[in-house]
Amino acid sequence: MLGRFSVFLLSTSILTGAAIAQTPPDAGKGVEEIVVTATKRSESLQSVPLSIQALSTQKLDELNVSNFNDFATLFPSVSFQNSTPGSANVYIRGVASGGDGNHSGPLPSVGVYLDEQPVTTIGGAVDVNIYDIERIESLAGPQGTLYGASSQAGTIRIITNKPDTKGFYGRWDVEANKVLEGEFGGKLQGMLNIPINNRAAARVVGWYKKEGGYIDAVAGTRSFLPRPGGITVTNARFVKDDFNDVEVYGGRAALKIDLDDNWTVTTSAQGQAQKANGVFGYDASVGDLKVQRFYPDTSVDQFYQAALTIQGKLANFDVTYAGAYMGRNVASTSDYTDYAEAYDALYASSGGVAGYFYFTDSLNRTIDSRQFILGGGDFTKESHEFRIASPDDKRIKFVAGAYYQKQTHEITQDYRVPNLQASMSVNGLPGTLWLTKQEREDKDTAVFGEATFDATEKLSFTAGLRAFEYDNSLIGFFGFGRNLAGPPFNAAGSSRTGVAGCYTTTGAILRSNPGGTLLPAAVPGGPCTNLADFVNGGLVPKRAKGDGTTYKFNATYKVSPDVMVYATASSGFRPGGINRRATIKPYDADELKNVEFGWKTTSSDRSIRWNGAIYQQKWDKFQFAFLGQNSFTEIQNGPNAKITGIETDLTWAPTAAFTLNGSAAYTDAKTEQNLCAINEPTFTCAGAGNSVKAPKGTRLPITPKIKAAATARYEWDFGTHKPYTQLVVNYHGKASSDIRVADAATIGQLPSATTLDWALGATWNDLTAELFVNNLTDERDQLTRYVQCSVCTRTYAVVETPRTIGFRVGSKF
């Protein structure tokens, strides 16, 4: 099968075009070089023996790329899930088991970098506004030698334009748009480059954008057992058309100082706020782009980053220090009515929630059991890297360095039931059914090195190694309250979870020591602590520690100045961690091993550039996060998986007027053993309570077998004007929404889709004006499907924004 698809994709690349990694030709014929820094050195894209694609400043502008979704769609090996803006979980080459993004889940397998710092957090990568960006690089395959734990499956790097001492210049861009049967939106963005003297310059960037809503919150009711005599609620207060709008505003400032001819200091600061209303998934059972909500849905996502880079020379060696600090705060309100609806149906034989649980007010009257969630996440991340690189012109050259990263996450999840009486609530928090209040810390330290030996003018060998240590910890509270006069102990009738599991002064938990005195909460805002270890009379965080090495070996042969082939064996890792539920053991690190053969070619007349790679990856004991009993997140190590694929890209620029770009990937990712409900070493899934959740040979979720993109652009002269037209085509095949077969059937498949974007514009002098239509055919391209809880059956689909028509104008000066 792979062989047939390989031939198909390779031939398709030659005939239809693929790579997005070049800028369009200038006045002369041929494609232009792009310089990348993927190997921690500045090199031509065609000289790097690595599967890498890059979008330049000009290409980003031409394609109107402004956020993560825009550019991720254009990289064939990249897949993602996101239920709300700014929460994308990123996957490369099919390394996806699903279920990522939970606050207590595993670390990401793909690192997203803003300049020198990873900006990936547990809840998803920061959605950096794309404006005045030098380039975006996508590095496929394990990057564990130079980029570490966050880059098990690959790395995406967003490189900003730096201050320039050569002159004063700037730009501005304005856009207005309208979503089909939705709201108006627009953008206002600008940049100034300000030289201070011949050794110093500043650069400032600012942006504001509004994304119009297109999902309607429509009228509906929910009825709860018993019938008759139960509770029926309506949502009239929350009915609104086009309620899922987004506002984003922020800015960036950088200062570059050349201390002398050898040493440069660059410092930068960036901040962004994103405010979103509504939800971005619709319920097809209610109607196209329609949903019913019974509580508010809002989110505010803010981040800031301060960075310092020092570059210089010691003798002939390049020395770099890169340090950065990032803070991110996410606050949200989410309707959780689906949970109440699902559990009411689950306990129908007992009269529903009213007959099985204890949702009562202060007068012991049965109340509406619907919930909403007040969520909060305060992230910090600091990173420091020091590296040294030997001269490029020597037969033996190396890059070596040391790296340290620490990230913290203060987690709040407050599940509120209005009017719930205090004795049925979390202690000290009337109306709170369930509380998660935790502090998580993830640290990793590494030393790394990569050396290249040019055996001949054509043949080179590279070897790299990274030695790492990680130390991850978690402490705090999660669960229900404890009515000391119970039973009932809380609204859910639980006698084991929550305050019942908190530590007393003797080291015993309250459930085992009912008359004991609770230790104070280790995390402020919680009633007590049930997620910790009791040591020497006090509480310390639960920890998961480990160490190991990753490797890279590469052989590169230059067939001619325009043709290069290479073979690579490499590995990547992801740290292990802690499960909150005490009965579930910590999960181990998982490892990805990769073998690939690649090529990079340019035609003699520079009109065609064709790159590609064929690879096979082994993902050992992959981490798998899922909603377990009572919709409680669990992480375990699953079986092994094998991923085989091919990715190819090509640019054809036969004249200065016409450019055809594109990319395509085929990914065959399957499990090699059964995935069990309870992990066990034989993968037979035998034993009490165990079962096969996904049999051997099940496809990994999220990533389609085939994904492709192509861009055609034609420019011509018309007096002093230069009109142009552009068409972008994106295609992806179908994919599973979940690795578990039964759950995937409930949630539904991600169907295949083709989308078209078209633009017509003109440039004259330094002004550009353009009319564009995105999603020309108004395709319901499903990006994500989800349910709200483990027993919920109401499914939601997050789709590409419907047809959007807009006009933009911009100028450079």
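Residues numbered from 1 in each chain as written. Predicted model: local features only at pLDDT ≥ 70, side-chain atom pairs only at ≥ 80, totals over all residues. Heavy atoms only, no water.

**A few points about empty space enclosed by the protein**
Over the atoms, a rolling probe the size of a water molecule traces out where space has been left empty.
1) Next: Throughout the structure, instances matching the rule amount to 15 cavities of 30 Å³ or more.
2) Next: Space inside the second largest cavity adds up to approximately 290 Å³.
3) Next: Lining the second largest cavity are 19 residues, and of these Phe-80, Lys-707, His-732, Asp-781 and Leu-783 sit closest to its centre.
4) Next: Going through the elements one at a time, strand 4 (78-81), strand 41 (722-732), strand 42 (753-764) and strand 44 (782-786) are the ones with two or more residues in the lining of the second largest cavity.
5) Next: Classifying every residue of the lining of the second largest cavity gives nine nonpolar, seven polar and three charged. (1 Å grid on protein atoms, 1.4 Å probe; cavity = no way out; pocket = protein on both sides within 12 Å on 5 of 7 lines; lining within 4 Å. Points joined across faces, edges and corners; volume = space filled by probe spheres on them. Helix = DSSP H or I, 4+ residues; strand = E, 2+ residues; numbered from the N terminus. Nonpolar A, V, L, I, M, F, W, Y, C, P; charged D, E, K, R; others polar.)

**Considerations on the state of the cysteines**
Put plainly, two cysteines are in a disulfide when a covalent bond ties their sulfur atoms together.
1) Next: In total, this model carries three disulfides according to the counting rule given.
2) Next: A sulfur-sulfur distance of 2.1 Å marks the disulfide that ties Cys-676 to Cys-685. Taking the sign of the torsion about the S-S bond as the criterion, the disulfide between Cys-676 and Cys-685, at about -80°, is left-handed. For the pair shown, Cys-676 and Cys-685 are each scored as buried. (Disulfide = S-S within 2.5 Å. Buried < 20%, exposed > 50% of the residue type's maximum accessible area, 1.4 Å probe, protein only.)

**What about the packing of aromatic side chains?**
1) Next: Enumeration over the complete set of coordinates arrives at 28 aromatic pairs.
2) Next: The positively charged end of Lys-178 is found above the aromatic ring belonging to Phe-184, 5.5 Å away from the centroid.
3) Next: Positioned above the aromatic ring of Phe-379 is the side chain of Arg-328, whose terminal nitrogen or guanidinium carbon lies 5.8 Å from the ring centre. (Phe/Tyr/Trp six-rings, centres within 6.5 Å; stacked < 30°, edge-to-face > 60°. Lys NZ or Arg CZ within 6 Å of the ring centre and 35° of its normal.)

**Considerations on the sheet that holds strand 11 (residues 154-160)**
Sheet strands pair by backbone hydrogen bonding; their relative direction is either parallel or antiparallel.
1) Next: Spatial strand order, 3-10-11-6-7: five strands in an open sheet with mixed pairing. Unpaired on one side and paired on the other, strand 3 (52-56) and strand 7 (117-118) mark the two borders of the sheet.
2) Next: Of the strand pairs in this sheet, strand 6 (residues 110-114) and strand 7 are connected by two bridges, and their pairing is antiparallel. Bridge pairing in strand 7 places Leu-114 opposite Gln-117. (Pairing = 2+ DSSP bridges.)

**Structural notes on the sheet that holds strand 20 (residues 281-282)**
1) Next: A sheet is described by the order of its strands in space; here three strands give the open sequence 20-45-44, paired in antiparallel fashion. Across the chains shown, the open sheet's two edge strands, defined by having one partner strand only, are strand 20 and strand 44.
2) Next: Relative to strand 45 (residues 796-799), strand 44 is paired through four bridges, and the arrangement is antiparallel. For Gln-782, the partnering residue across the bridge sits in strand 45 and is Val-799.

**Points about the pattern of salt bridges**
1) Next: Scanning all chains against the criterion turns up 51 salt bridges.
2) Next: Two residues, Glu-441 and Lys-406, come together in a salt bridge whose shortest N-O distance is 3.7 Å. Here Glu-441 is found in strand 26 (residues 432-454), whereas its partner Lys-406 is found in strand 25 (residues 396-416), with 35 residues between them in sequence.
3) Next: Residue Lys-406 is classed as partly exposed on the basis of its relative accessible area of 26%.
4) Next: Several salt bridges share partner residues, and in doing so they unite Arg-222, Asp-283, Asp-338, Glu-341 and Arg-794 into one network. (Salt bridge = Lys/Arg side-chain N within 4 Å of Asp/Glu carboxyl O.)

**Structural notes on the pairing of strand 31 (residues 563-574)**
Two faces make up the sheet, and in a regular strand the side chains alternate between them.
1) Next: Here strand 30 (residues 542-560) pairs with strand 31 via eight bridges, running antiparallel. When the bridges of strand 31 are listed, Ser-560 appears paired with Val-563.
2) Next: Counting the residues that bridge the hairpin from strand 30 to strand 31 gives two residues.
3) Next: Pairing between strand 31 and strand 32 (residues 590-602): 12 bridges, direction antiparallel. Paired with Arg-574 across the two strands is Asp-590, which belongs to strand 32.

**Considering the environment of Arg-157**
1) Next: Secondary-structure assignment places Arg-157 in strand 11.
2) Next: The exposure class assigned to Arg-157 is buried, which follows from its relative accessible area of 4%.
3) Next: A polar side-chain atom of Arg-157 sits 2.8 Å from a polar atom in the side chain of Thr-37. (Polar contact = N/O pair within 3.5 Å; in protein donor to acceptor, adjacent residues only side chain to side chain.)

**Side note on a nonpolar patch on the surface**
1) Next: On the surface, Phe-168, Trp-172, Val-174, Leu-188, Ile-194, Val-204, Tyr-208, Tyr-249 and Phe-813 cluster together to form a nonpolar patch covering roughly 800 Å² of accessible area.
2) Next: Contributing elements (two or more residues each) for the nonpolar patch: strand 12 (169-179), strand 13 (184-197) and strand 14 (200-211).
3) Next: Position of Val-174 relative to the elements: it lies in strand 12.
4) Next: Val-174 sits in the partly exposed class, given a relative accessible area of 35%. (Patch = residues over 30% accessible without salt bridge, like charges linked within 9 Å, V, L, I, M, F, W, Y side chains within 5 Å. Areas by Shrake-Rupley, 256 points an atom, 1.4 Å probe, with all protein chains shown as cover.)

**So, the side chain of Thr-337**
1) Next: Topologically, Thr-337 is positioned in helix 4 (residues 337-346).
2) Next: Judged by its relative accessible area of 1%, Thr-337 is buried.
3) Next: A distance of 2.7 Å separates a polar atom in the side chain of Thr-337 from a polar atom in the side chain of Asp-335.
4) Next: Not counting residues up to four positions away in its chain, the partners in contact with Thr-337 are Arg-222, Phe-294, Tyr-295, Arg-370, Gln-371 and Gln-788. (Contact = heavy atoms within 4.5 Å.)

**Some details on the nonpolar core**
1) Next: If you look at the biggest cluster of nonpolar residues, it comprises 46 residues, and the most contacted ones within it are Phe-68, Phe-71, Ile-130, Ile-136, Ile-156, Ile-158 and Leu-700.
2) Next: Ignoring any residue separated from it by four or fewer positions in sequence, one finds Phe-71 in contact with Leu-55, Val-65, Ile-130, Ile-136, Ile-156 and Ile-158.
3) Next: Core analysis: the second largest hydrophobic core is formed by 28 residues, Tyr-336, Phe-359, Ile-747 and Val-787 among them. (Core = buried A, V, L, I, M, F, W, Y, C linked by side-chain atoms within 4.5 Å.)

**Regarding helix 4**
Every α-helix winds through 3.6 residues per turn, so residues three or four apart in the chain are directed the same way.
1) Next: Of all 10 residues making up helix 4, seven are buried, and the element is well covered by its neighbours.
2) Next: Where helix 4 is concerned, the buried positions are Thr-337, Asp-338, Tyr-339, Ala-340, Ala-342, Tyr-343 and Asp-344.
3) Next: Residues of helix 4 that are buried make contact with strand 16 (221-224), strand 23 (317-335), helix 5 (352-356) and strand 45.

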